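Close look at the chain arrangement
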Amino acid sequence: MTGKELIESSLCLDCLYHTFFKDPPPEKKSLIDCFLDGGLNVVSVSVVIDENKPATLPEFLQEVYLFYVLRDAFPEKVMIIEKAEDIDTARREGKLGIILSTQGAACLEADLRYVTILHKLGARILQITYNGKNNIGCGSQEPVDTGLTRFGQQVIFEMNRLGMVVDLSHVGYRTTLETIELSKDPCIFSHSGVKHFNPNVRNLTDEQIKKVAAKGGMIGLCPHSIMNWTEKGVWPNVDQYVDQIVYVMELAGEDAAGIGTDRWMVPTMEFSMRRNAFERTNPGFFGGFDITQKHVKGFQYYDEWSSLGDALLRRGLTDAQCKKVLGENFKRVFTQVWK
């Protein structure tokens, strides 16, 4: 079997993408078609991100509206995923299934009632912090991680009650461990890496990996170059990315690994501006990799899923193991958590 054949025969699910409406691809086709042509079936998209400032509930409402407009404008190509069965429906009908999610939870505005509102509006994954501290807990770049707050505990209880997936990417070490212990449902890291290979603050320790997996959760490994290099300044490749996938499988079981790309990019003017603005308050964050090297060589664009498939097969993974990594593992978690 070739990588292309593997992708075509598998459920392919990317557990993190964002800025869906702001980054047009260079081809003369839509972003939807780029996804579908590359072999992707389902993508989790951040409706709001607490990157430059905390997102508000009105901002969430404005952005989520666009996804329903997108669905209605392209009903033959797009569906909003609200339950696990929708994943199979999207793939069977050749549509792009979109899971609505967030990066950060500032849009709750410290009001527990808004967890229900987000769920009613279709949000199925909530990342509880971004890089800094909020009223739920601490992000991975917060100097002192004080763990979950009382409000944070209440948010987790509500998410469990409603059937929303708790996402711990970008979340601080102590806050992740306390959340995993508290949550009765499995948690995920939608787009993270492995500290065993790379010291990036967004990468996970063996303890975090084993504890999230022990309760049925998992990690979406992220192909960001800054999270995958093993020799500083040397652009990593897709095989080094697969090293992280295999490491998680060997450490925590083959049900513990998946894919979370965190957004393909091309060197547009907007991307250059956003990157420049981000690095102003995150000096050296991109590790010397330029805007054409955002992701690992060989898995850095929509049409390179088959390249990932080839790399997985080169490592000797069975077809069944590959399919778990490409999407079945996330589907298992979503089936368990979504009510």
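Please refer to the structure placed before this passage.
Remember, predicted model here, so these are calculated numbers, not experimental data.

Conventions used here
- Residues numbered from 1 in each chain as written.
- Predicted model: local features only at pLDDT ≥ 70, side-chain atom pairs only at ≥ 80, totals over all residues.
- Heavy atoms only, no water.
- Phe/Tyr/Trp six-rings, centres within 6.5 Å; stacked < 30°, edge-to-face > 60°.
- Buried < 20%, exposed > 50% of the residue type's maximum accessible area, 1.4 Å probe, protein only.
- Lys NZ or Arg CZ within 6 Å of the ring centre and 35° of its normal.
- 1 Å grid on protein atoms, 1.4 Å probe; cavity = no way out; pocket = protein on both sides within 12 Å on 5 of 7 lines; lining within 4 Å.
- Points joined across faces, edges and corners; volume = space filled by probe spheres on them.
- Helix = DSSP H or I, 4+ residues; strand = E, 2+ residues; numbered from the N terminus.
- Nonpolar A, V, L, I, M, F, W, Y, C, P; charged D, E, K, R; others polar.
- Core = buried A, V, L, I, M, F, W, Y, C linked by side-chain atoms within 4.5 Å.
- Contact = heavy atoms within 4.5 Å.
- Arc of directions from axis to C-beta.
- Pairing = 2+ DSSP bridges.
- Right-handed = clockwise from strand over helix to strand, strands pointing away.

**Let's talk about the packing of aromatic side chains**
Under the definition given, this model contains 11 aromatic pairs. Taking 5.0 Å as the distance between ring centres and 75 degrees as the angle between the ring planes, the aromatic pair formed by Phe278 and Phe285 counts as edge-to-face. The exposure class assigned to Phe278 is buried, which follows from its relative accessible area of 11%. For Phe285, a relative accessible area of 21% gives the class partly exposed. Clustering of aromatic rings is evident, with ring pairs tying together Tyr17, Phe35, Tyr301 and Tyr302. Against the face of Phe286 rests Arg275, its NZ or CZ located 4.0 Å from the ring centre.

**Considering empty space enclosed by the protein**
On inspection of all chains with the given rule, the structure shows two cavities of 30 Å³ or more. Empty space within the largest cavity amounts to approximately 400 Å³. In terms of lining residues, the largest cavity is bounded by 25 residues, among which His224, Asp262, Phe285, Phe286 and Lys294 are the most central. Looking at the lining of the largest cavity, the elements with two or more residues in it are helix 9 (225-228) and helix 11 (269-280).

**Quick word on the layout of surface pockets**
When its volume is computed, the largest pocket comes out at roughly 510 Å³. Residue lining of the largest pocket: 20 residues in total, with Lys22, Val47, Val48, Ile49 and Arg274 positioned closest to the centre. Where the lining of the largest pocket is concerned, the elements lending two or more residues are strand 2 (42-49), helix 3 (57-73) and helix 11. Split by residue class, the lining of the largest pocket holds 10 nonpolar, four polar and six charged.

**What about the nonpolar core?**
Within the largest apolar cluster, 81 residues are counted, with the highest numbers of intra-cluster contacts made by Phe20, Ile98 and Leu308. Considering every element that reaches this core, the biggest residue donor is helix 10 (residues 238-252), with eight residues. Beyond its immediate chain neighbours, meaning those up to four positions away, Ile98 contacts Phe20, Val43, Val45, Phe67, Leu70, Val78, Met79, Ile80 and Ile81. Listed in part, the 19 residues of the second largest apolar core include Leu11, Ala90, Phe334 and Val337.

**Remarks on helix 12 (residues 305-314)**
By the burial criterion, the buried members of helix 12 are Trp305, Leu308, Gly309, Ala311 and Leu312. Seen from one end, helix 12 has its buried residues packed into an arc of 165 degrees, which puts them on one side. Those residues of helix 12 hidden inside the fold are in contact with helix 1 (3-8), strand 1 (13-17), helix 2 (31-38), helix 10, strand 10 (257-259) and helix 13 (319-337). Gly316 sits one or two positions beyond helix 12 and adopts a positive phi of about 85 degrees.

**A short note on unusual backbone geometry**
Of note, Ala110 is a non-glycine position whose phi angle comes to about 60 degrees, a positive value. Positionally, Ala110 belongs in the loop between strand 4 (96-103) and helix 5 (113-120). A residue is classified by how much of its surface remains accessible, and Ala110, at 47% relative accessible area, is partly exposed. Of note in the backbone geometry, Asp262 takes a positive phi value of approximately 60 degrees without being a glycine. Relative to the helices and strands, Asp262 resides in the loop between strand 10 and helix 11. For Asp262, a relative accessible area of 8% corresponds to the buried category.

**Looking at the pairing of strand 4**
The buried fraction of strand 4 is high, at eight of eight residues. Bridge analysis of strand 2 against strand 4 gives six bridges, and the strand direction is parallel. In the sheet register, Ser44 faces strand 4, and the bridge partner there is Ile99. As paired strands, strand 3 (residues 78-80) and strand 4 are joined by three bridges and run parallel to one another. Residue pairing for strand 4: Val78 is matched across the bridge by Leu96. Considered for its hand, the β-α-β crossover made up of strand 3, helix 4 (residues 84-92) and strand 4 is right-handed. Of the strand pairs in this sheet, strand 4 and strand 5 (residues 123-127) are connected by four bridges, and their pairing is parallel. When the bridges of strand 5 are listed, Gln103 appears paired with Gln127. A crossover connection joins strand 4 to the parallel strand 5 through helix 5; in handedness this β-α-β unit is right-handed.

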